[in-house]
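# Residue-level structural notes
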Amino acid sequence: MFTYNISKNADNAEFNRVCSLIESNTKDAKKEDLLTDVDGTQIQIYDTKDGKIKVFNDYEVGAVYVDSEADLSAIL
């Protein structure tokens, strides 16, 4: 499992930027429906041949981060 810390604050623009990077650089990524928690936290999940990629815009923790089964160091 790989974790990438993107921003120390929840940020819609940063969340959208990371999602766009994943979508444009991961050819086989299948985007699932956007999940939104009661506190406003957003979670975007992608299925790839290398495993799941989860992008979080987490208002409770106060961060934008990615948990991934695939190595995204070349993208992020």
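For the structure itself, consult the block above.
Let us look at the structure shown here. (Residues numbered from 1 in each chain as written. Predicted model: local features only at pLDDT ≥ 70, side-chain atom pairs only at ≥ 80, totals over all residues. Heavy atoms only, no water.)

## Some points on the overall build of the protein chain
Helix and strand counts for the protein chain stand at 1 helix and 6 strands. Reading the protein chain from its N end, one meets helices and strands in the order β-α-β-β-β-β-β. In terms of overall size, the protein chain behaves like a compact globule, its C-alpha atoms giving a radius of gyration of 11 Å where 76 residues would be expected to give roughly 11 Å. Seen along its three principal axes, the alpha-carbon backbone of the protein chain occupies a region of about 30 × 25 × 20 Å. Per-residue burial for the protein chain yields a buried fraction of 34% across its 76 residues. Sequence separation of at least 24 residues holds for 45% of the intrachain contacts in the protein chain that already meet a minimum separation of 6. As displayed, the protein chain has an accessible area near 4700 Å², and 47% of this comes from carbon and sulfur atoms. The protein chain carries 8 positive and 15 negative side-chain charges, and their two centres are separated by 7 Å. (Helix = DSSP H or I, 4+ residues; strand = E, 2+ residues; numbered from the N terminus. Rg over C-alpha atoms; globule rule 2.2 N^0.38 Å. Buried < 20%, exposed > 50% of the residue type's maximum accessible area, 1.4 Å probe, protein only. Contact = heavy atoms within 4.5 Å. Areas by Shrake-Rupley, 256 points an atom, 1.4 Å probe, with all protein chains shown as cover. Lys, Arg positive; Asp, Glu negative; His and termini not counted. Charge placed at Lys NZ, Arg CZ, Asp CG, Glu CD.)

## Observations regarding the nonpolar core
With 10 residues, the main nonpolar core is built from Tyr4, Phe15, Val18, Cys19, Ile22, Tyr46, Ile53, Val55, Val66 and Leu72. Take this core: its biggest share by element is 4 residues, from helix 1 (residues 12-25). (Core = buried A, V, L, I, M, F, W, Y, C linked by side-chain atoms within 4.5 Å.)

## Here's the deal with the pattern of salt bridges
Applying the stated rule across the entire model yields 4 salt bridges. Glu32 is paired through a salt bridge with Lys52; the nearest N and O atoms lie 3.1 Å apart. Within this pair, whereas Glu32 is found in the loop between strand 2 (30-31) and strand 3 (35-36), its partner Lys52 is found in strand 5 (residues 51-58), the two being separated by 20 residues in sequence. Lys52 is the partner of Asp47 in a salt bridge, and the nearest nitrogen-oxygen pair spans 2.6 Å. Overall, the relative accessible area of 28% leaves Asp47 in the partly exposed class. Within this structure, Glu32, Asp47 and Lys52 form a network of salt bridges that share partners. (Salt bridge = Lys/Arg side-chain N within 4 Å of Asp/Glu carboxyl O.)

## Some details on the packing of aromatic side chains
Aromatic ring pairs are defined here through the distance separating the ring centres and the angle between the ring planes. Scanning the model with the defined rule gives 2 aromatic pairs in all. The interplanar angle of 15° and the centroid separation of 6.4 Å between the aromatic rings of Phe2 and Tyr4 together place this pair among those described as stacked. Judged by centre distance (4.6 Å) and plane angle (15°), the rings of Phe56 and Tyr65 are stacked. Judged on exposure class, the residue Phe56 and its partner Tyr65 are both buried. (Phe/Tyr/Trp six-rings, centres within 6.5 Å; stacked < 30°, edge-to-face > 60°.)

## Focus on the environment of Asp33
Position of Asp33 relative to the elements: it lies in the loop between strand 2 and strand 3. The exposure class assigned to Asp33 is exposed, which follows from its relative accessible area of 67%. Sequence separation of Asp33 and Phe2 is 31 residues, and the distance between their C-alpha atoms is 22 Å. With residues near it in sequence (within four places) discarded, Asp33 still touches Ile43 and Gln44.

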